[in-house]
Amino acid sequence: MTELLDRLPAPSRLDDADLSLMLTIRAFELKLLDLYGRGLLHGTTHTCLGQEYVPVALRTLLDPGDHVFSNHRGHGHYLARFGDAEGLLAEIMGREGAVCGGVGGSQHIRRDRYLSTGVQGESLPVATGVALHLKRSEPGQVACVHVGDGTFGEGAVYEALNIAALWELPLLVVVENNGIAQSTPASRHLAGSIAGRAAAFGIDHRLIGTADVAEIRRVLAPLVARTRLGVPLVVEFATERLGPHSKGDDTRPADQIRRIHENGWYARYARRYPDHLDRLDAEARAYVDAVAADVTARPPSRWTPS
Ligand SMILES: Cc1ncc(C[n+]2csc(CCOP(=O)(O)OP(=O)(O)O)c2C)c(N)n1
């Protein structure tokens, strides 16, 4: 996968809003690991370091009437949808202002048409049901669901794909294939391919091997427009997980991680547009520092079951 990314041409220049969002997501995730390291966070968390561009690229292809189903690695999905770093950090830290009163934490967030879950494979059937509802009641809207390559081993995924194809549902399945599931490389858990599995249900599949946001949008725009008409789609991003699975549990050799760093969107962009990256990165980090200082000082969140 690294080799695939390595052969790509230099990225095209991002507009400020996209780059700023990608850098804010990265700064947010780095801040979480820092807070954990200092004993200020509890439970677990899974960062999307390296994969930030996926929800940012999709952002302009989705509209507020679409549903987004996220997974355990969902902070970037949330921030790309709402841009609400305060509410998310407060949720993760269990502080006042938390999106879900602090009971959802890192992995279980519901807001408007956004839902995340830490249960692998749970979201596909739920998103399929919502896609059926959308087809009947709000034609033109899609249900977009993010899953990892490891989650493609869950049986529920196939029941959902079967129904989505059979009933021609507006379901957009985004597979963030980072080549590893916790500590198991895809070569050890995935027989065949994601493309082959989609094909088995007659579902169209696209492999995205670039982190270039403009290029991703160019390729996906017509396909997402078609999904809105009831043609389900599996989009597989050949991506890389830069950080550990959760906090300190990276089983990969150091030189592999170094290569992922060097080939990732951040390093590529920094080499091509150093001034643009430095300016917006400094702003993103300062913003996240301020959010963290503010949220850390807040009292615990309260939640009353209704
Ligand atoms: C039903 C279920 N089984 C196991 C787990 C534990 N678990 C959490 S993340 C994960 C690996 C997921 O891998 P993948 O889908 O490739 O996503 P990635 O972590 O690479 O983003 C596992 C096994 C879980 N959360 N839910």
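What counts as what
Residues numbered from 1 in each chain as written. Predicted model: local features only at pLDDT ≥ 70, side-chain atom pairs only at ≥ 80, totals over all residues. Heavy atoms only, no water. UniProt positions renumbered as here; feature names shortened; annotations may be inferred. Helix = DSSP H or I, 4+ residues; strand = E, 2+ residues; numbered from the N terminus. Salt bridge = Lys/Arg side-chain N within 4 Å of Asp/Glu carboxyl O. Buried < 20%, exposed > 50% of the residue type's maximum accessible area, 1.4 Å probe, protein only. Near = heavy atom within 4 Å. Polar contact = N/O pair within 3.5 Å; in protein donor to acceptor, adjacent residues only side chain to side chain. Areas by Shrake-Rupley, 256 points an atom, 1.4 Å probe, with all protein chains shown as cover. Nonpolar A, V, L, I, M, F, W, Y, C, P; charged D, E, K, R; others polar.

- Taking an unreviewed UniProt entry as the reference, the protein chain is identified by name as Pyruvate dehydrogenase E1 component alpha subunit belonging to Nonomuraea muscovyensis.
- Looking at the Cofactor (unreviewed entry) heading of the UniProt record, one finds this comment for the protein chain: "thiamine diphosphate".

Structural notes on the UniProt feature "domain: Dehydrogenase E1 component" (unreviewed entry) in the protein chain
Phase 1 of the analysis: If you check UniProt for "domain: Dehydrogenase E1 component" (unreviewed entry), the listed places come out as residues 22–262 in our numbering.
Phase 2 of the analysis: Here residues 22–262 is 42% helix and 15% strand, with 17 Å between the C-alpha atoms at its ends.

Let's talk about the pattern of salt bridges
Phase 1 of the analysis: Using the criterion set out here, one finds 20 salt bridges in the structure.
Phase 2 of the analysis: A salt bridge links Arg218 to Glu215; its shortest N-O distance comes to 2.9 Å. Taken together, the residues Arg218 and Glu215, both in helix α10 (residues 213–227) and 3 residues apart, mark about one turn of the helix.
Phase 3 of the analysis: Asp294 is the partner of Arg298 in a salt bridge, and the nearest nitrogen-oxygen pair spans 3.0 Å.
Phase 4 of the analysis: Given the relative accessible area of 38%, Asp294 is considered partly exposed.

Points about the site of the ligand
Phase 1 of the analysis: In the vicinity of the ligand lie 15 residues, with His72, Arg73, Gly118, Gly150 and Thr151 positioned nearest.
Phase 2 of the analysis: Here an oxygen atom of the ligand and a side-chain polar atom of His72 are 2.7 Å apart.
Phase 3 of the analysis: Here an oxygen atom of the ligand and a side-chain polar atom of Thr151 are 2.6 Å apart.
Phase 4 of the analysis: Its free accessible area being 580 Å², the ligand has 73% of it covered by the protein chains.
Phase 5 of the analysis: Broken down by class, the residue content of the shell around the ligand amounts to 3 nonpolar, 9 polar and 3 charged.

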